[in-house]
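Summary of the model geometry
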Amino acid sequence: MKFKKILAGMGAFIAPFIFAISVFAAKTDMVDVSGNNSDLSTGELVNMRNSYGVKALTVKISEGSTYVWKSNSHTQGAAQTIANAQTAGLYVNGYHYANFGTLAKAQDEANWAVQNAKADGLQVGAVLAVDVEADVFKQHSIAINDANIAAFNAIIQAAGYRTDIYCSASWVGVHLTVPDGTGWIAGYPKVVTTDRYTNSNGWQFSSVAQLDGVSGYFDVTQLYTNYYTAGTDKNAVISDSATTTITKVTKKTTKTGIAVDGVWIVNNPKVSTETTLALQKIYDMKWQDGKVSKPSSLVKVLQKHLGVTQDGYMGPKTIRAMQKKLGTPVDGKISSGYSNIVAAMQKKLNAGVKPF
């Protein structure tokens with residue numbers, strides 16, 4: 001049986017219409033999700049399995065020492081997502097977004113990850129990967145990072161889970177070591193022309209894959225080993241219906257979404273951004289110029305939905321309310337670089353959902 005593949009290479013001319021042709025395809029063996037994604041029902045996960053050949057779902061469990069993906073008015077949370085995936089017949093794994101820079105912090109975060117993985121129903125024997133991409137790792141040497149990651153993984157293994165390291169391909173050998181034959185490596189080429197990072201467990205080749213029948217954009221991975229399918233042949237037939245190839249348009253002459261880059265400029269009223277424009281459109285604002293003025297009618301609308309004072313200024317109270325609503329860490333700040341809350345908001349916008 002042929003499993004579904006996301007086509008990431010295009011060679012078509014796009015004018016008023018969109019044309020797409022196949023050049024190379026990477027397989028959608030695994031999808032990973034967090035609170036930034038829309039809720040996934042059992043039926044939607046079965047659709048991923050049957051229509052796209054998805055075999056494994058890897059779910060964000062926790063972050064740092066305090067954050068856990070729990071259910072609220074915005075999201076169904078990790079526990080329900082895991083339960084739905086298990087019912088859908090998928091192999092289920094978890095991951096922890098690491099923020100440690102010391103041995104003690106690594107051990108603290110590992111215990112937090114284990115505590116919540118068990119509470120969420122992640123079965124012993126599943127993979128509980130460490131997600132290494134936070135800026136704190138740039139502040140230390142490879143030797144220190146490797147030692148801290150090893151300490152983290154030791155606690156994960158002692159709890160009965162299997163370990164792996166998720167990171168960007170550009171970080172390997174620069175900020176950490178990923179032993180040959182292991183690792184879950186992220187790299188997003190503009191055009192996929194060949195398999196990459198084949199000496200790893202899997203290659204996350206896109207963070208903006210769209211799957212028919214499921215709203216939003218998804219991180220998708222092509223697996224090279226059976227590690228994330230609990231040792232079962234990853235190419236074994238788990239789908240009970242035929243699958244067909246789909247195309248992915250990579251040239252956005254007709255746009256279907258904005259970049260999920262975690263960046264939103266809100267402190268310069270002269271700068272126009274796609275994120276601001278998308279917010280103005282989804283909230284049906286009179287003025288749609290992509291700019292956040294001071295005060296801002298857009299911010300007032302967001303504040304109204306959040307139930308905070310409507311002064312039109314993006315201050316700490318408003319940002320904290322936004323962070324709570326989207327289930328991201330709460331500190332009342334929007335980072336000048338990558339921001340979790342902005343990325344969560346951008347994914348909601350791409351899914352056609354009002355973030356607040």
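Since this is a predicted model, take the numbers as computed values, not measurements.

It is worth spelling out the packing of helix α7 (residues 316-326) against helix α8 (residues 340-350) at this point. Relative orientation of the contacting elements α7 and α8 amounts to 60 degrees, with a least axis distance of 10 Å. Considering their axes alone, α7 and α8 lie oblique with respect to each other. Regarding α7 and α8, the two cross each other, and that crossing is left-handed. Together, I319, M322, Q323 and L326 of α7 and I341, A344 and M345 of α8 make up the contact between the two elements.

Taken as a whole and judged by the stated rule, the model has 8 aromatic pairs. Between F100 and F137, the ring centres sit 5.3 Å apart and the planes meet at 75 degrees, which makes this aromatic pair edge-to-face. Here F100, found in the loop between β6 (91-97) and α3 (103-119), pairs with F137, found in the loop between β7 (128-131) and α4 (142-158); they are 37 residues apart in sequence, far enough to count as distant. What makes F137 buried here is its relative accessible area of 0%.

One can find T28 in the loop between β2 (25-27) and β3 (30-33). Residue classification places T28 among the buried residues on the basis of a relative accessible area of 0%.

Now for the environment of W184. Along the chain, W184 turns up in strand β9 (residues 184-186). A residue is classified by how much of its surface remains accessible, and W184, at 1% relative accessible area, is buried. Taking C-alpha positions, W184 is 9.0 Å from Y197, a pair spaced 13 residues apart along the chain. A polar side-chain atom of W184 sits 3.0 Å from a polar atom in the side chain of T221.

Let us now look at the environment of K60. Take K60: it is sitting in strand β4 (residues 56-63). As for K60 and D131, which are separated by 71 residues in sequence, their C-alpha atoms are 9.4 Å apart. Not counting the four nearest positions on each side in its chain, K60 is found in contact with V33, S34, Y67, W69, A78, Y95 and Y97. Polar side-chain contacts of K60 include one of 2.6 Å to the side chain of E63.

We now examine the pattern of salt bridges. Applying the stated criterion across every chain yields a total of 4 salt bridges. With a shortest N-O distance of 2.5 Å, K105 and E109 are connected by a salt bridge. Of the two residues, K105 and E109 both sit in helix α3, 4 residues apart, roughly one turn of that helix. Judged by its relative accessible area of 0%, E109 falls in the buried class. With a shortest N-O distance of 3.7 Å, D135 and K138 are connected by a salt bridge. According to the relative accessible area criterion, K138 is partly exposed, its value standing at 49%.

On to the confidence of the model for the chain, then. The predicted model of the chain averages 84 in pLDDT, with 85% of residues at 70 or higher. For residues 1-24, every residue scores under 50 in pLDDT, and the model assigns this stretch 80 contacts once sequence neighbours within four places are set aside. Segment residues 239-256 is flagged for pLDDT under 50; beyond a separation of four residues in sequence, or across chains, it makes 50 contacts in the model.

Every buried residue of helix α1 (residues 42-52) is listed here: L45, M48, R49, N50 and Y52. Looking at the packing, one finds that the buried side of α1 touches β3, β4, α2 (77-87) and β11 (218-223).

As a further point, take the nonpolar core. By size, the foremost hydrophobic cluster in this structure holds 56 residues, and its most contacted members are M48 and V132. By residue number, the principal contributor to this core is α3, which donates 5 residues. Residues I258, L302, L306 and L326 belong to the second largest nonpolar core, which totals 24 residues.

Quick notes on the rules
- Residues numbered from 1 in each chain as written.
- Predicted model: local features only at pLDDT ≥ 70, side-chain atom pairs only at ≥ 80, totals over all residues.
- Heavy atoms only, no water.
- Axes fitted to C-alpha atoms, helices over the stretch in contact; angles between N-to-C directions.
- Helix = DSSP H or I, 4+ residues; strand = E, 2+ residues; numbered from the N terminus.
- Parallel < 35°, antiparallel > 145°, perpendicular 65-115°, else oblique.
- Left-handed = near helix turned anticlockwise from the far one by under 90°.
- Contact = heavy atoms within 4.5 Å.
- Phe/Tyr/Trp six-rings, centres within 6.5 Å; stacked < 30°, edge-to-face > 60°.
- Buried < 20%, exposed > 50% of the residue type's maximum accessible area, 1.4 Å probe, protein only.
- Polar contact = N/O pair within 3.5 Å; in protein donor to acceptor, adjacent residues only side chain to side chain.
- Salt bridge = Lys/Arg side-chain N within 4 Å of Asp/Glu carboxyl O.
- pLDDT = per-residue confidence, 0-100.
- Core = buried A, V, L, I, M, F, W, Y, C linked by side-chain atoms within 4.5 Å.

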